[in-house]
Amino acid sequence: HVIAQNSSFYSVALAKETSPKNLAIGVFDSGIGGLTVLDAIINADYYNAANEPNVDSEKDFCNEQFIYFADQANMPYSNYIEEGKTELLREHILKDALFLLNNKYHSSPGSEEINTDKPGVKAIVIACNTATAYGKPQVEELCKIIGFKGKVIGVIDAGCKGTLDMIGENENATIAVLATPATVASGAYINTLNKLKKDQKGEIAVIQQGGKGLHESIDNKPEFIG
């Protein structure tokens, strides 16, 4: 649909810049919680100027530009799963990705004019557990269809890798996951950890807790703040 309907705001119109230097790293979440992920990316210092794994007090992405999108109009995403509206949630997730991929935007909420000078992106970071669990394969499929060759990174994969890196090869550990009820129900963290922990010789247990209402409270929804 987005390929055929050129009049749609969501139709594919990838930004014309082809040089990676002119492209941003796109990050999206259903709210402001993903800003913690963006902060971690901006302040990451794992490599030196020679791209060797060595801290050098210079941020790894200091020369990059970022676009952060928070879909607060449709948050919280977990509730769509709880209400049996998975396909509607995936539509929202795909629209989030299309916004980052396209060069289109409105300069203000009430503006009908569509601007077309937004930088494109060379990578998409899904900084939302629920969106990663239920929509990452669809975003990857979308990127394949439209010919986007950049990376799609989900916070669940990155979070699991980072957690296992902190655990010794022979160490026994318990990993606690606090996420939205929908993310917990998906089993995405358990499945990903089980897939990645093959080299761990120690016993690793995973416990999960769904935080009903926590996401909304973080995004300052008064009805969820007690």
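Structure: see above.
Rules of the game
- Residues numbered from 1 in each chain as written.
- Predicted model: local features only at pLDDT ≥ 70, side-chain atom pairs only at ≥ 80, totals over all residues.
- Heavy atoms only, no water.
- Helix = DSSP H or I, 4+ residues; strand = E, 2+ residues; numbered from the N terminus.
- Patch = residues over 30% accessible without salt bridge, like charges linked within 9 Å, V, L, I, M, F, W, Y side chains within 5 Å.
- Areas by Shrake-Rupley, 256 points an atom, 1.4 Å probe, with all protein chains shown as cover.
- Salt bridge = Lys/Arg side-chain N within 4 Å of Asp/Glu carboxyl O.
- Lys, Arg positive; Asp, Glu negative; His and termini not counted.
- Charge placed at Lys NZ, Arg CZ, Asp CG, Glu CD.
- Buried < 20%, exposed > 50% of the residue type's maximum accessible area, 1.4 Å probe, protein only.

A. Structural detail: unusual backbone geometry. Of note, the bond from M75 into P76 is cis; its omega dihedral lies within 30 degrees of zero at 0°. With respect to the helices and strands, P76 occurs in the loop between β2 (66–70) and α2 (78–82). Phi is positive for N51, close to 65°, though the residue is something other than glycine. With respect to the helices, strands and loops of the structure, N51 is situated in the loop between α1 (35–42) and β2.

B. How the structure looks around a positive patch on the surface. On the surface, a cluster of positive charge is made up of K151, K161, K195 and K198. Its location among the elements puts K151 in strand β4 (residues 151–154). The exposure class assigned to K151 is exposed, which follows from its relative accessible area of 60%.

C. Just the pattern of salt bridges, in detail. Scanning the entire structure with this criterion turns up seven salt bridges. E140 is the partner of K136 in a salt bridge, and the nearest nitrogen-oxygen pair spans 2.9 Å. Taken together, the residues K136 and E140, both in helix α4 (residues 129–146) and four residues apart, mark about one turn of the helix. Residue E140 is classed as partly exposed on the basis of its relative accessible area of 36%. Through salt bridges with shared partners, a single ionic network connects K136, E140 and D157.

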